[in-house]
Each structure stands twice: as structure tokens, then as C-alpha cells.
Amino acid sequence: MTDLDRYHRQMRLPGIGAEGQARLGRGSVFIAGCGALGTVAADLLCRAGVGTLVIVDRDVVESTNLQRQTLFTERDASRSTPKAEAARLRLAQANSNVRVRAFVEEIDSETIGSLAEGCDLILDGLDNFETRYLLNDFAVSTGVPYLYGAGVATQGMSMPVLSRRGPGSSATIRWRDADATPCLRCLFPTPPPAGSTPTCETAGVLGSVTMTVAAHQATQAIKLLVGDVGAVDRTLRSFDLWTNVNRSLGIAESADADCPCCVRGRFEHLDAPPASSRILCGRNAVQIRGKAGESGIDLDAVANRLAGLGTIEAAAGSIRGRLNERSPDGDPVSVVMFADGRAIIEGGTDPDWARGVFDRIVGR
Ligand SMILES: [Zn+2]
């Protein structure tokens, strides 16, 4: 079998062929978030032979992920393996020709520039609106395509952003003005207030819904990478797999002629400093970052301190500890500490309380 034989079935497609396959092999996709959408999109793009995948996720695998996050196993959940790392190991087994770069990091205004550098497009696998607006700002400011996607309960939606400001000077994917689209902020000017939208924890989610969204996103990514920009689905496509209602909203008419982002060129989310704490979607947990100027942390010292406060559980690429205390809500308290200096404090959603736990663990 030659390296290309494995792609025979998709190279038969007129839209791909040998030239398209070669382009896929030179392509690079930034997968922002490796959960229900990111695992499926990464799997599809890896098997399709996209040359480089940059996978970024801040969290670890949990048992409730396994129903829909197809790259993970029970062993990953029991070991609290960081999602990006678990995905990298699994993808290497599916297609060893693909270069997978995995980062266990928060995507924020300080990190996105280096994380996404050199990528041809951005695929949204996120679970929160703050980071989506950051991706939208970054994509519009650099002229790189952004593929938005979301799914909750039995409903999913997907939409491409090809900036009306046009492709950036260094962007590899180029498009005509006629192929440009509004941005996320044209359609949804401000992020919904935290807690105002249903989450996968409160409303549930069907695995086939997020897989359908991710498959649609991955398909648009392949069209862009092979250079068939005209074939991209330039609609806000939404569907309910339970009630069988499908909608396809033309987005051109939703363009905001005065959009602060894709018309005025103000990138408020990219310019704002990263939040020092963040309540995590559907997790009864808060993420805490180290203070500004600190990068990385001595995990051995943290492990020693945690051992004095509770029990350490072995975890790959992170430290997980269960504390001998209860949160203000009366829940058990667990901590996952990452080498980049972040911690996820589980057991409550009060940022001040979580910051106190963090400071004790890192020795302040
Ligand atoms: Zn806009």
C-alpha cells in the first residue's frame, strides 16, 4: 500500500482528486477545544489526511464525556488524561502520517496568537461563548476562515465565517468578495450572559447531534483546504434530530453594516486581558490561572502540598487531588493542576473560594 492508497475512496471524488489530496496533505487546521465536536472533527480530518492538526483543550477526560467524545476511552477517564494528549495518542493510531500537535492550555487573548500561528483555518469545538468571540476576532483580524459549530440537547448548528475584510496577506485560503460572509458578531452582537443558555449538563445532548455538527464542520474544512471555496455552505445551518426540523438561514442578509469587528476592525475580545478565573461550562468547577507574569508551575511541589491536604490520584500530564474538605456548597473538592500553571477546582462555582483553594495549593 502506498501512502496515498488509503485515501483512494475520497480521491475518487471529483471535488478532491489527486490535487485536492495533495492540498489536504499541506493543510493545517487549528481545532479549538477537543470535546464532542473537536474529537469527531479531528478524527475525520486526520483520517482524510490533513497534514497538521493543532489540538488545544484545557480539560481532562471525564466519564460523562465517553457517550459522545469518540477519541476517548474508559482508561483516559479513570486516569484523568488531558483531552488534547489523549486525542493525540489515539489519532496517531488512526493515521501516523498526520502531524498532531497537542496543547493542554487555555485559549485566551495571550495564547491564541502562538497556538494558531501558521494554521490555514480554525475549527470551533468549544463549549463557551467568550472563547468563540475571541476566535471570531482572531479569524477576522488575521483573515483566516473560522468554522463555528455548537450542539446541545437534540439541536445543532454550524456556520462559516469568511471575513468581509478578506483573506489576510499571509492567509493560504483565499476568497472573492462575493464569497465573504458576515462574522459571528454580525449575527449575535454580544455573548449571552453566562448561565443564560442551556448547557450539555442541564439540557443533555445527543451524541449523534454533536457528531452531525462536527461532520458538517469537517466537510467545510475539507472544501476550503482543497481550494473549493465556492462549495462552502454559506448559511447558518441548524437542525433538530429529534423533531426533524432543519433550517438553513442565508447569512448574507444578516451582515451588520456597522459591525465593530468585521467592518470597523475593533477586536475587543482579542484586546482584553485573559480572565484570571472562569466558571467552567457544565462542570461545577472553576478554572484559575496563575498570576500575570507566571508561566508554568513546579508540579512536584504542588503534589507534595496536595498530599498534605488530601489524597493524590495518578493522572497523566497533570496532578489530580481530592481534598479532605467540603466546598461552601457542601460538595467534595477536587483539584486538577496543569503544568502551564492553571488549575481546575471542582466542587463549586464561586471564583473567590476557588482562588483561595488555588493559593493554598501553590503555596501562597
Ligand atoms: Zn461582523
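Below: a short report on this structure. None of the values given here were measured: they were computed from a predicted structure.

## Regarding the overall build of the chain
- Summing up its helical and strand segments, the chain has 13 helices and 14 strands in all.
- Whereas a compact globule of 364 residues would reach a radius of gyration of roughly 21 Å, the chain reaches 21 Å, a difference of no more than 12%.
- Overall, the C-alpha framework of the chain stretches about 60 × 55 × 45 Å when taken along its three principal axes.
- Taking all 364 residues of the chain together, the buried fraction comes to 52%.
- Restricting to contacts in the chain with at least 6 residues of sequence separation, those with at least 24 account for 65%.
- Positive and negative side-chain charges in the chain, numbering 39 and 43 respectively, have mean positions lying 4 Å apart.

## Some thoughts on helix 12 (residues 299-309)
- Along helix 12, the positions that sit buried rather than exposed are Leu299, Val302 and Leu306. The arc enclosing the buried residues of helix 12, seen along the axis, measures out at 55°, which places them on a common side. The exposed residues of helix 12 that point more than 90 degrees off its buried face are Asp300, Asn304 and Gly308.

## Comments concerning the pairing of strand 1 (residues 28-32)
- Counting buried positions along strand 1 yields 5 of 5 residues, so the element is predominantly enclosed.
- Here strand 1 shows a buried face lined by Ser28, Phe30 and Ala32 and a second buried face lined by Val29 and Ile31.
- Pairing of strand 1 with strand 2 (residues 52-56) involves 5 bridges; the strand directions are parallel. What sits directly across from Ser28, in strand 2, is Thr52.

## Things to note about the coordination of the zinc ion
- Distances from the zinc ion to its protein donors, namely Cys183 (SG), Cys186 (SG), Cys259 (SG) and Cys262 (SG), fall within the range 2.3 to 2.4 Å.
- Around the zinc ion, the 4 donor atoms sit at angles spanning 96 to 126°, and that spread fits a shape best called tetrahedral.
- Considered as a linear motif, the donors of the zinc ion on their single chain read C-x2-C-x72-C-x2-C.
- With a relative accessible area of 0%, Cys259 lands in the buried category.

Rules of the game
- Residues numbered from 1 in each chain as written.
- Predicted model: local features only at pLDDT ≥ 70, side-chain atom pairs only at ≥ 80, totals over all residues.
- Heavy atoms only, no water.
- Helix = DSSP H or I, 4+ residues; strand = E, 2+ residues; numbered from the N terminus.
- Rg over C-alpha atoms; globule rule 2.2 N^0.38 Å.
- Buried < 20%, exposed > 50% of the residue type's maximum accessible area, 1.4 Å probe, protein only.
- Contact = heavy atoms within 4.5 Å.
- Lys, Arg positive; Asp, Glu negative; His and termini not counted.
- Charge placed at Lys NZ, Arg CZ, Asp CG, Glu CD.
- Arc of directions from axis to C-beta.
- Pairing = 2+ DSSP bridges.
- Donors = N, O, S within 2.8 Å, 3.2 Å for Na, K, Ca; no water.
- Tetrahedral: all angles 85-135°; square planar, octahedral: opposite > 155°, others 65-115°.

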